[in-house]
Amino acid sequence: LAMLLGTAPPLVAQEADTTAMVDSAVTVPVAAPAPTLRDVGAPVILRGDTVLRVFAGLGVETATDRARAIEVRLERLRTDPMVERDTMRIVEDGAEIRIMLGEAPVMVVLPGDATGAELPRSVLAVQYRDALGAAFQSSAATGRAKTLLTGIGFALLATLAALALAWLLRQVVV
C-alpha cells in the first residue's frame, strides 16, 4: 500500500535487467472507513436529540425495542412533577448496573451494551448517566418553560375575556 501511495522507495525487481518504479503522482482512491461498533446500535432519542445508543436487547426485546422503552420511560419521568430531576445516578447491585432518576429506574446497562460500545460496562454506565442527566435536565427545562409560557398565555386570555365581558356588561347597563 505504501508503494501505491508513493510513500515507499521504488521497487527493484529480483532480476537485474528489470526495474519497476511506482509513480508518486498516482492517486489511489481510499475507501471510507468501515463503521465501528460505536456507530451502530439503537439510538435513544429524547425530544429529537440522540442521547445514547444501546447495543443489546433484553429477553425477547431487540435493542431497538429497548431503546424505545427507555425513551417512553424518560418522557414519562420528564413530565412527572414528583420526580427529583437532578438525581440521575448509577446503582450497582451484584452483576446488574442500573441508571436511576431518583428512585425511578431509567435503564439497565447490559454486558452487550459494553461490548457494542467497546468500553468496560462501568465506564459506559458513567457515560450513559452523564448523557441521560444532561439531556433530561435540558429537556425538563424546555418543558418547564413551555408549561410556564402556556400558563401565561391562558392567564392573558382569561384576563382579556374578563375585560371584554365587563365592557359588554357596561354597554348593556348604559
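Just so it is clear, the structure is predicted and the values come from calculations on it, not from any experiment.

Conventions we followed
- Residues numbered from 1 in each chain as written.
- Predicted model: local features only at pLDDT ≥ 70, side-chain atom pairs only at ≥ 80, totals over all residues.
- Heavy atoms only, no water.
- Helix = DSSP H or I, 4+ residues; strand = E, 2+ residues; numbered from the N terminus.
- Buried < 20%, exposed > 50% of the residue type's maximum accessible area, 1.4 Å probe, protein only.
- Contact = heavy atoms within 4.5 Å.
- Areas by Shrake-Rupley, 256 points an atom, 1.4 Å probe, with all protein chains shown as cover.
- Pairing = 2+ DSSP bridges.
- Axes fitted to C-alpha atoms, helices over the stretch in contact; angles between N-to-C directions.
- Core = buried A, V, L, I, M, F, W, Y, C linked by side-chain atoms within 4.5 Å.
- Salt bridge = Lys/Arg side-chain N within 4 Å of Asp/Glu carboxyl O.
- Expected span 1.5 Å × (residues − 1).
- Arc of directions from axis to C-beta.
- pLDDT = per-residue confidence, 0-100.

1. Notes on the overall build of the protein chain
Line of reasoning, step 1. Scanning the protein chain from terminus to terminus reveals three helices and five strands.
Line of reasoning, step 2. Beginning at the N terminus, the succession of helices and strands in the protein chain can be written as β-β-α-β-β-β-α-α.
Line of reasoning, step 3. Evaluated residue by residue, the protein chain yields a buried proportion of 25% over its 174 residues.
Line of reasoning, step 4. Considering only contacts in the protein chain between residues 6 or more positions apart, those separated by 24 or more positions represent 49%.
Line of reasoning, step 5. Approximately 11700 Å² of the protein chain is accessible, and the part contributed by carbon and sulfur atoms is 64%.

2. What to know about the sheet that holds strand β5 (residues 104-109)
Sheet strands pair by backbone hydrogen bonding; their relative direction is either parallel or antiparallel.
Line of reasoning, step 1. Strand order in the open sheet made by the three strands is β3-β4-β5, with antiparallel pairing throughout. Edge positions in the sheet fall to β3 (88-93) and β5, since each has one partner strand and no second. Taking the axes of each pair of neighbouring strands and ignoring which way they run, one obtains an average angle of 30° across the sheet.
Line of reasoning, step 2. Note that β3 and strand β4 (residues 96-101) share six bridges and pair antiparallel. The residue bridging Asp-93 from the neighbouring strand is Glu-96, located in β4.

3. Side note on the nonpolar core
Line of reasoning, step 1. Residues Leu-52, Val-54, Leu-74, Val-106, Met-107, Tyr-128 and Leu-132 are the most contacted members of the largest nonpolar core, which totals 29 residues.
Line of reasoning, step 2. If you list the elements that add at least two residues to this core, you get β1 (42-46), β2 (49-54), α1 (63-79), β4, β5, α2 (111-117) and α3 (121-173).
Line of reasoning, step 3. In terms of residues, this core owes the most to one element, α3, which gives six residues.
Line of reasoning, step 4. Setting aside chain neighbours within four positions, we find Tyr-128 in contact with Leu-52, Arg-53, Val-54, Phe-55, Ile-99, Met-107, Val-109 and Asp-113.

4. Here we look at the pattern of salt bridges
Line of reasoning, step 1. Applying the stated criterion to the full structure yields seven salt bridges.
Line of reasoning, step 2. Note that Asp-113 is salt-bridged to Arg-66, the shortest N-O span being 2.7 Å. On the criterion of sequence distance, the pair formed by Asp-113 in helix α2 and Arg-66 in helix α1 is long-range, its members being 47 residues apart.
Line of reasoning, step 3. Accessibility expressed as a relative area gives 4% for Arg-66, which makes it buried.
Line of reasoning, step 4. Salt bridges linked by common partners bring Asp-93, Glu-96 and Arg-98 together as one network.

5. Observations concerning unusual backbone geometry
Line of reasoning, step 1. Not every positive phi belongs to a glycine, and Arg-47 is a case in point at roughly 50°.
Line of reasoning, step 2. Phi is positive for Glu-118, close to 60°, though the residue is something other than glycine.
Line of reasoning, step 3. You can see Glu-118 is positioned in the loop between α2 and α3.

6. Regarding α1
Line of reasoning, step 1. A rise of 1.5 Å per residue sets the reference length of α1, with its 17 residues, at 24 Å; its end C-alpha atoms lie 25 Å apart and thus fit the reference within 8%.
Line of reasoning, step 2. Residues of α1 that are buried: Ala-63, Arg-66, Ala-67, Ile-70, Glu-71, Leu-74, Leu-77 and Arg-78. Looking straight down α1, one finds that the buried residues subtend no more than 145° of arc, so they occupy a single side.

7. Observations regarding the pairing of β5
Line of reasoning, step 1. Relative to β5, β4 runs antiparallel, the two sharing five bridges. Residue pairing for β5: Met-100 is matched across the bridge by Pro-105.
Line of reasoning, step 2. Remark: two residues form the turn of the hairpin made by β4 and β5, two consecutive strands paired antiparallel; Gly-102 in that turn has positive phi of roughly 65°.

8. Considerations on the confidence of the model for the protein chain
Line of reasoning, step 1. Mean pLDDT over the protein chain stands at 76; residues scoring 70 or higher make up 70%.
Line of reasoning, step 2. Counting interchain partners and residues more than four positions distant, the pLDDT-below-50 stretch residues 1-22 has 17 contacts.

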